[in-house]
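If you want the building blocks of each chain, they are given just below.
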Amino acid sequence: MLPTVPGLERLGVKRVPVPVPFIEAGGPANVYVIEEDGGGLALFDAGIGTADGEAALLAGFRELGRDLKEVRRIFVSHGHIDHYGYARATQELSGAPVFAHPRDHDKITWRNLRDEPVERYVQYLVRLGAPAELQSRIREMVARTDRYARPVENVEPLTPGTTLKFARFQAEVVHMPGHTPGLVCLWDQEHKVLFSDDHLLEAVSPNPLIDLEGGLEAGLDGDPGSERPRHRALVEYLRSCAKVRELPIELVAPGHGAPFSGHVPLIDRLTSFYTRRQEKVLGLLAEGALTAAKLAPLVFPRARPHQLFLILSEVLGNLEVLEDQGRIVRRVREGVWVFEKV
Ligand SMILES: [Zn+2]
Ligand SMILES: [Zn+2]
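Attention here is on the structure that accompanies the text. As the structure is a computational prediction, the values presented were derived from the model and not from experiment. (Residues numbered from 1 in each chain as written. Chains lettered and ligands numbered in written order. Predicted model: local features only at pLDDT ≥ 70, side-chain atom pairs only at ≥ 80, totals over all residues.)

A few words on the overall build of the protein. Scanning the protein for helices and strands turns up eleven helices and 15 strands. Expected size for 342 residues packed as a compact globule is a radius of gyration near 20 Å; at 20 Å, the protein falls within 12% of this value. Counting only C-alpha atoms and orienting by the principal axes, one finds that the protein spans roughly 60 × 40 × 35 Å. For the protein, the proportion of its 342 residues judged to be buried stands at 43%. Considering only contacts within the protein whose residues lie at least 6 apart along the sequence, 64% involve residues at least 24 apart. (Helix = DSSP H or I, 4+ residues; strand = E, 2+ residues; numbered from the N terminus. Rg over C-alpha atoms; globule rule 2.2 N^0.38 Å. Buried ≥ 20, exposed ≤ 12 C-beta atoms within 10 Å, placed from the backbone. Contact = placed C-beta atoms within 7 Å.)

We now examine unusual backbone geometry. Positive phi values are uncommon outside glycine, yet Asp45 reaches one of about 75°. For Asp45, the location among the structural elements is in the loop between strand S3 (41–44) and helix H2 (51–64). Even without glycine at this site, Asp197 takes up a positive phi of about 40°. Looking at the secondary structure, you find Asp197 in strand S10 (residues 193–197). On the basis of neighbour count, Asp197 is assigned to the buried category, with 31 C-beta atoms found within 10 Å.

What follows deals with the sheet that holds strand S13 (residues 251–254). If you walk across this open sheet you meet the five strands as S7-S8-S9-S10-S13, and the pairing is mixed. Each edge of the sheet is formed by a strand with only one pairing partner; in this case those strands are strand S7 (163–165) and S13. Between one strand and the next, the sheet's axes are offset by a mean angle of 25°, whatever the strand orientation. Relative to strand S8 (residues 170–175), S7 runs antiparallel, the two being bridged by three bridges. Pairing of Leu164 across the sheet is with Ala171, part of S8. (Pairing = 2+ DSSP bridges. Axes fitted to C-alpha atoms, helices over the stretch in contact; angles between N-to-C directions.)

Looking now at the packing of helix H8 (residues 233–245) against helix H11 (residues 308–324). Contact pair H8 / H11: the axes reach a minimum separation of 7 Å and the direction vectors enclose 75°. The angle between H8 and H11 falls in the class roughly perpendicular. Of H11, the residues touching H8 (which contributes Ala233, Leu234, Val235 and Leu238) are Gly317, Asn318, Glu320, Val321 and Asp324. When grouped by side-chain class, the residues that make up the contact of H8 with H11 number five nonpolar, two polar and two charged. (Parallel < 35°, antiparallel > 145°, perpendicular 65-115°, else oblique. Nonpolar A, V, L, I, M, F, W, Y, C, P; charged D, E, K, R; others polar.)

Strand order in the open sheet made by the six strands is S1-S2-S3-S4-S5-S6, with mixed pairing throughout. Bordering the open sheet on either side are strand S1 (13–18) and strand S6 (155–157), each of which pairs with just one other strand. On average, each strand axis in the sheet is tilted by 30° relative to the strand beside it, whichever way the strands run. Pairing analysis gives four bridges linking strand S2 (residues 29–35) to S3, with the strands arranged antiparallel. Each bridged residue has a counterpart across the sheet, and for Val33 the counterpart in S3 is Leu43.

What follows is about the packing of helix H9 (residues 263–285) against H11. Two elements in contact, H9 and H11, have axes separated by 10 Å at closest approach and are oriented at 85°. One finds that H9 runs roughly perpendicular with respect to H11. Where H9 approaches H11, its residues Tyr274, Arg277, Gln278, Val281 and Leu282 are matched on the opposing element by Val315, Asn318, Leu319, Val321 and Leu322. For the contact of H9 with H11, the residue count by class is seven nonpolar, two polar and one charged.

Locating Phe99 in the fold gives a position in strand S5 (residues 98–100). Exposure remark for Phe99: the 20 C-beta atoms within 10 Å place this residue in the buried category. Remark: the alpha-carbon pair of Phe99 and Val321, spanning 222 residues in sequence, is separated by 31 Å. The residues touching Phe99, leaving out its near neighbours within four places in the chain, are Arg73, Ile74, Phe75, Val76, Glu156 and Leu158.

So, on to the nonpolar core. Membership of the largest hydrophobic core comes to 86 residues, with the highest contact counts inside it found for Tyr32, Leu43, Ile74, Val76, Phe195, Ala292 and Leu312. With seven residues, H11 is the largest single contributor of residues to this core. (Core = buried A, V, L, I, M, F, W, Y, C linked by C-beta atoms within 7 Å.)

Between the end of S7 and the start of S8, which pair antiparallel, lie four residues. Pairing of S8 with strand S9 (residues 184–188), which is carried by four bridges, proceeds in the antiparallel orientation. When the sheet's bridge partners are listed, His175 is paired in S9 with Val184.

In structure tokens:
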């Protein structure tokens, strides 16, 4: 049985949760099925391309008495496999165009999975001090992407500020970089509903993942060896949270889990959680400069080896916030970055 949410029903929106095989995701991913003006349907997120994901989406459509062939437009909130994985299959059935923010196009088209960008990514992890084991794990992850998704050949740009008109409501596309560089939410100002996908989740804090979209820029000291990625996940994420905090939201329809309200206390808890984590990182740096890879297991002593990428991303995110605040600096030492208290 599909969940019923009165706040969404009145907008002509149904939520179809599809299972995702990663616990870190925070539960099944939501596909929002929206009545289009003049008939047909739009999707906000397209689920995952696994057999279980496909079965759940098809079962949801059957229960609604609808067909994937009726889909007219597919909007992808951000370039993660649990949100775009089934877009290609839906497109093949329906002929619907796929829209996403340009900064996430390379994820959805898989241009970022080509040899050269993957190699650049791995070399970046090396500069963070990552062990060889993580490098091979990243290559394996890339090779396994086709278990969960298929690439979309042509992705149309979804421009921030655009108003999307549906049968019973309209929503503005709002850019909330952080969790990914091109993440967008949909904001229905009239009904005060925010479709937040992975920007705001009730049960888990969205991971600020290392992302080289946009390339590298010169370091603060102008040293050519100290370039850093343009996208600084946690710095941007916290900035986007501050923007969302100001919206008069009554209902948040997230990317995983049931809709909820109370975004202000949620964001405040999240912000103070990260502030405490930054203090912890700063405390660990009191003893002397460290690489991000050395810091990660100190911040997360109970992490398992397969979580190394997540904890490294999380620690780097906090280091970049501290760097942004001028409380630490990064220096290049033997080709690897070390972070130091000022
Ligand atoms: Zn995501
Ligand atoms: Zn997700």
